[in-house]
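Descriptive structure summary
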Amino acid sequence: MKKIAIIGGGAAGLAAAIAAGNELARLGAADECEIVLFEADPERVGRSILATGNGRCNFSNAHIDPACYRNTDFVEAALRSLARLSGVSEWGSAQPVGAYGASAQGSAQPVGAFEAPGRESTQSASVFEAPVQRFFSDLGLMWREEGEGRMYPAANKASSVLDVLRAALDVSGARVEFRKALRAIEAPARGKGRFHLRFSDGTIAHAEKVVLAVGGRGVSAVDTSSVIPCELTRPVLGPLVTDSRITRQLNNIRVKCAVSLERSGSLVAREEGELLFRDYGVSGVCVFNLSRFACEGDVLSIDFLPHMPSADRDAWLFARRKHLSARLGENGQIAAEDVLRGAMLPQVAQVLCKCAGIDPARPLSKKDVLALSRVIGGLRLTVRGIGDAKQCQVSRGGLSIAAFDPQTMEAVRASGLFAAGEALDVDAPCGGYNLHWAWSSGLLAGVSAARSAVSADGEGEGE
Ligand SMILES: Cc1cc2nc3c(=O)[nH]c(=O)nc-3n(C[C@H](O)[C@H](O)[C@H](O)COP(=O)(O)OP(=O)(O)OC[C@H]3O[C@@H](n4cnc5c(N)ncnc54)[C@H](O)[C@@H]3O)c2cc1C
């Protein structure tokens, strides 16, 4: 009997195992092949899924755009290939039945056809989204769409996503082996036969087809050098360490703002949303997203009033100064922080005034007002590097996409070896995009591995 080995039981590995099982059944070949999922964890699959989305699992996004991803062309080709395999035509013949209201309120009212803001209501999910939505619909998952297209399970718990996956895994016929951390993979002799899988407990397994789905952190620990090159990974999508003299005074304060990442005076990327000051630097979704582009020495420029043009901001500050001095009379002295009262927290106002170089002992001059306006529109922090790696959501690097065919996820020079998920050098911003990639590439790799196992002629005899 031929063996399909799936290495890693996270999002991509589970999708691959389920898809491979379904495909073997569809081809009437379930008796010819066994699927074994090797997972490093001592007792459960999908543990990594439980921690996602703050325990709620933002499992996909209703507006998947390949341009959001690193290695865009590869991702687009893979998503289109999966759509073809799933029989999804442009603008989706798949009507996902698991979708609940597309509003941020997450109304419990089923809407039938999936309606997303900015799309004609007659249109459903696009080719990039539909296969994953159909996959989860078929598993029985219900979900709701929140702000910016983020999709969460209706039960609001990551465990409900894992529940449906585990139930489907049971049905798929895949066998799971725990405490199996792959240490090295070796190619079949003369390119024919079976891959050798060496585990850290000293055991060896053989398989005709292998799907590597060990995630971004896991892939660096696997010696793949005899089959495929693998770059070291580094954490991204996390907090940034910056010049801490300013941020430590605002530790744990959250602000809604816009943040621009600048390099040598040019804009690299801009994000709007919530920023969290920490004693070491800055965190929050918009910082996480910028961390994918940030290098040491770059500057983060924080705009505390992003919807107010700079001329309006100047005018507003002058109007506040005038209003306050009229109230205080001739002898009253306006504190710069008073001008900002009501617009931002006192601690933030205090720090901004300090950064603007305002001397609290002197009356607030026109020059002071203009300096304060400039700092409100662009508090500058120098990036020192990525923050705590444990808080980072993805890794960059790993298996080069150049070594894989996006039509199948199979290695170009190592036939029978497939890869999926974060083990590949693909990452995206927060919002469900990374899990969407894990499911999509896992489904594609699983179906491709099953088809290749069934169609392979005479393999497995060379060993
Ligand atoms: C805190 C946190 C929150 C996140 N929230 C979101 C979110 O809400 N939405 C989103 O889209 N993305 C989120 N992400 C990113 C997302 O979780 C990953 O992109 C996704 O899980 C990658 O899936 P994967 O299957 O490739 O890898 P993983 O989920 O990391 O799974 C890899 C699996 O392989 C196993 N493994 C590792 N090494 C070996 C080995 N040598 N041998 C055998 N098994 C091995 C691991 O135990 C694990 O089970 C979050 C990440 C983190 C860390």
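Residues numbered from 1 in each chain as written. Predicted model: local features only at pLDDT ≥ 70, side-chain atom pairs only at ≥ 80, totals over all residues. Heavy atoms only, no water.

In the neighbourhood of the ligand, 32 residues make up the surrounding shell, with Glu39, Ser48, Leu182, Glu422 and Leu435 lying closest. The separation between an oxygen atom of the ligand and a polar main-chain atom of glycine 432 is 3.4 Å. Taken by itself the ligand offers 990 Å² of open surface, and the protein chains cover 84% of this. Mapped by element, the contributors of at least two residues to the shell around the ligand are helix H1 (11-26), helix H6 (215-219) and helix H13 (433-455). Element by element, the count of residues in the shell around the ligand is highest for H13, at four residues. A class-by-class count of the residues in the shell around the ligand yields 16 nonpolar, 13 polar and three charged. (Near = heavy atom within 4 Å. Polar contact = N/O pair within 3.5 Å; in protein donor to acceptor, adjacent residues only side chain to side chain. Areas by Shrake-Rupley, 256 points an atom, 1.4 Å probe, with all protein chains shown as cover. Helix = DSSP H or I, 4+ residues; strand = E, 2+ residues; numbered from the N terminus. Nonpolar A, V, L, I, M, F, W, Y, C, P; charged D, E, K, R; others polar.)

Among the ten residues that make up strand S13 (residues 254-263), seven are buried, leaving the element largely enclosed by the rest of the structure. Relative to strand S14 (residues 266-278), S13 runs antiparallel, the two sharing ten bridges. Looking at S14, one finds that alanine 258 is bridged to glutamate 272. Where S13 folds back onto S14 in an antiparallel hairpin, the turn is made up of two residues, including serine 264, whose phi is positive at roughly 45 degrees. Of the pairings in the sheet, the one linking S13 to strand S16 (residues 299-303) comprises five bridges and is antiparallel in character. By the bridge assignment, leucine 261 is partnered in S16 with leucine 300. (Buried < 20%, exposed > 50% of the residue type's maximum accessible area, 1.4 Å probe, protein only. Pairing = 2+ DSSP bridges.)

Pairing is antiparallel across the open sheet formed by three strands, whose spatial order is S7-S8-S9. Edge positions in the open sheet fall to strand S7 (182-186) and strand S9 (204-207), since each of these has one partner strand only. Within this sheet the neighbouring strands show an average axis-to-axis angle of 25 degrees, counted without direction. Here four bridges tie S7 to strand S8 (residues 195-199), and the two strands are oriented antiparallel to one another. Among the inter-strand pairings, isoleucine 185 is bridged to a residue of S8, identified as leucine 197. (Axes fitted to C-alpha atoms, helices over the stretch in contact; angles between N-to-C directions.)

We now examine the confidence of the model for the protein chain. Overall, the predicted model of the protein chain reaches an average pLDDT of 89, with 89% of residues at or above 70. Counted against residues more than four places away or in other chains, residues 101-123, with its pLDDT under 50, gives 45 contacts. (pLDDT = per-residue confidence, 0-100. Contact = heavy atoms within 4.5 Å.)

Where helix H9 (residues 310-328) contacts helix H12 (residues 366-377), the axes come no closer than 9 Å and their chain directions differ by 135 degrees. If you check the angle between H9 and H12, you find them oblique. Where H9 crosses over H12, the handedness of that crossing is right-handed. Taken together, the residues of H12 that come into contact with H9 (itself represented by Ser310, Arg313, Asp314, Leu317, Phe318 and Arg321) are Lys366, Val369, Leu370, Leu372, Ser373, Arg374, Ile376 and Gly377. Along the lines of polarity and charge, the residues of the contact of H9 with H12 split into six nonpolar, three polar and five charged. (Parallel < 35°, antiparallel > 145°, perpendicular 65-115°, else oblique. Left-handed = near helix turned anticlockwise from the far one by under 90°.)

The next thing to look at is the state of the cysteines. Disulfides are covalent bonds that connect the sulfur atoms of two cysteines. On inspection of all chains with the given rule, the structure shows zero disulfides. The structure places no disulfide on cysteine 430, whose sulfur is separated from the nearest cysteine sulfur, that of cysteine 286, by 9.8 Å. (Disulfide = S-S within 2.5 Å.)

Moving on: the nonpolar core. Nonpolar side chains in soluble globular proteins tend to be buried together. Ranked by internal contacts, the top residues of the largest apolar core, which has 94 residues, are Phe136, Leu197, Leu417 and Trp439. With twelve residues, H13 is the single largest residue contributor to this core. Discounting residues that sit within four places of it in the chain, phenylalanine 136 has contacts with Phe59, Leu141, Trp143, Val161, Val164, Leu165 and Trp439. In terms of nonpolar packing, the next biggest core, distinct from the first, is built from 43 residues, Leu275, Leu305, Ala356 and Ala371 among them. (Core = buried A, V, L, I, M, F, W, Y, C linked by side-chain atoms within 4.5 Å.)

This part takes up the side chain of serine 291. Inspection of the secondary structure assignment puts serine 291 in helix H8 (residues 285-291). Accessibility expressed as a relative area gives 2% for serine 291, which makes it buried. Excluding residues within four positions of it along the chain, serine 291 makes contact with Val236, Leu237, Gly238, Leu240 and Ile386.

The strand order around the closed barrel formed by six strands is S12-S15-S14-S13-S16-S17, and the pairing between neighbours is antiparallel. In this sheet, neighbouring strand axes are inclined to one another by 45 degrees on average, regardless of whether the strands run parallel or antiparallel. Packed onto the sheet, H12 meets S16 and strand S17 (379-386) and runs at close to 110 degrees relative to S16.

Here the focus is the environment of glutamate 39. Within the element layout of this structure, glutamate 39 appears in the loop between strand S2 (33-38) and helix H2 (47-50). Glutamate 39 sits 139 residues away from phenylalanine 178 along the chain, and the two C-alpha atoms are 5.0 Å apart. The residues contacting glutamate 39, other than those within four sequence positions of it, are Gly8, Gly9, Gly10, Arg44, Val45, Glu177, Phe178, Arg179 and Lys180. A polar contact is formed between the side chain of glutamate 39 and the backbone nitrogen of aspartate 41, at a distance of 2.7 Å.

As a further point, take unusual backbone geometry. Even without being a glycine, arginine 179 presents a positive backbone phi close to 55 degrees. The exposure class of arginine 179 is exposed, given its relative accessible area of 58%. Residues other than glycine seldom take positive phi values, yet asparagine 252 does so here, at roughly 75 degrees. Structurally, asparagine 252 can be placed in the loop between helix H7 (244-247) and S13.

With that out of the way, let us pick up helix H3 (residues 72-85). In this model, H3 (14 residues) spans 20 Å end to end at C-alpha, consistent with the 20 Å of a helix rising 1.5 Å per residue. The set of residues buried in H3 consists of Phe74, Val75, Ala78, Leu79, Ser81, Leu82 and Ala83. One or two positions beyond H3, positive phi appears at glycine 87, with a value near 70 degrees. (Expected span 1.5 Å × (residues − 1).)

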